[in-house]
Amino acid sequence: MNRIYLFAILLLINTSCRKSSKWEEIEGKNIKFGILNAIYFEDLNNGLIGSYTLEKNSKSENYDHLEIKPLLYHTKDGGKDWTLLKFEKNIKGGVYNVFLSKDTIFCQIDYDHSVLYKSTDLGKSWNKLNSTESK
């Protein structure tokens, strides 16, 4: 019975990924990273993608003097153009999960623990909501 389900799922994936399917590949402008951690679209046009970048910092405690900094991009046109949303410089980690509803964004950033941030102005300012350490 499990083989039948597996076969059906593989057939569905194969059919949906063909060139005749309704998937559209869009090359987004202004995106400067390749590792994608989080993606969320509120509707066909408004969406967020999040990840991280590595920045040189000579004061970093890491042996390679690199720090993980969050990256979060917003689109209003279905992914054709993207705007980088800024975080405070002291925030470290990568974007792990995002949610968007109108002008409100929830963003989970993970480093050595997980922190949830909220913005009510499309990422112009951020408020830290909680911190759960996993040490």
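In what follows, the structure referred to is the one given above.
Predicted model only: the values in this text are computed from it and were never measured.

Q: Just to check I follow, could you spell out the packing of aromatic side chains for this structure?
A: Two aromatic rings are characterised by how far apart their centres lie and by the angle between their planes. In total, this model carries four aromatic pairs according to the counting rule given. Here the aromatic rings of Y40 and F99 are separated by 4.9 Å at their centres, their planes lie at 50 degrees, and the arrangement is tilted. Taken as a pair, Y40 in strand β1 (residues 38-41) and F99 in strand β5 (residues 94-101) lie far apart in primary sequence, 59 residues in all. The exposure class assigned to Y40 is partly exposed, which follows from its relative accessible area of 26%. Here F41 and W82 contribute two aromatic rings whose centre-to-centre distance is 6.2 Å and whose plane-to-plane angle is 85 degrees, an arrangement assigned as edge-to-face. Here W82 lies in the loop between β3 (66-75) and β4 (83-85) and F41 lies in strand β1, a separation of 41 residues in the sequence.

Q: Would you mind going over the pattern of salt bridges with me for this structure?
A: It is possible for side chains bearing opposite charge to pair when their charged atoms get close. Evaluation of the coordinates by the stated rule reveals two salt bridges. The partner of E67 in a salt bridge is K69, and the shortest N-O contact between them spans 3.8 Å. Grouping residues by exposure puts E67 and K69 together as buried. A salt bridge links E67 to K92, with the nearest nitrogen and oxygen atoms 3.5 Å apart. In this pair, E67 sits in strand β3 while K92 sits in the loop between β4 and β5, placing the two residues 25 residues apart along the sequence. For E67, a relative accessible area of 9% puts it in the buried group. If you follow the salt bridges from partner to partner, you end up with E67, K69 and K92 in one network.

Here is what the cut-offs are and how they apply
- Residues numbered from 1 in each chain as written.
- Predicted model: local features only at pLDDT ≥ 70, side-chain atom pairs only at ≥ 80, totals over all residues.
- Heavy atoms only, no water.
- Phe/Tyr/Trp six-rings, centres within 6.5 Å; stacked < 30°, edge-to-face > 60°.
- Helix = DSSP H or I, 4+ residues; strand = E, 2+ residues; numbered from the N terminus.
- Buried < 20%, exposed > 50% of the residue type's maximum accessible area, 1.4 Å probe, protein only.
- Salt bridge = Lys/Arg side-chain N within 4 Å of Asp/Glu carboxyl O.

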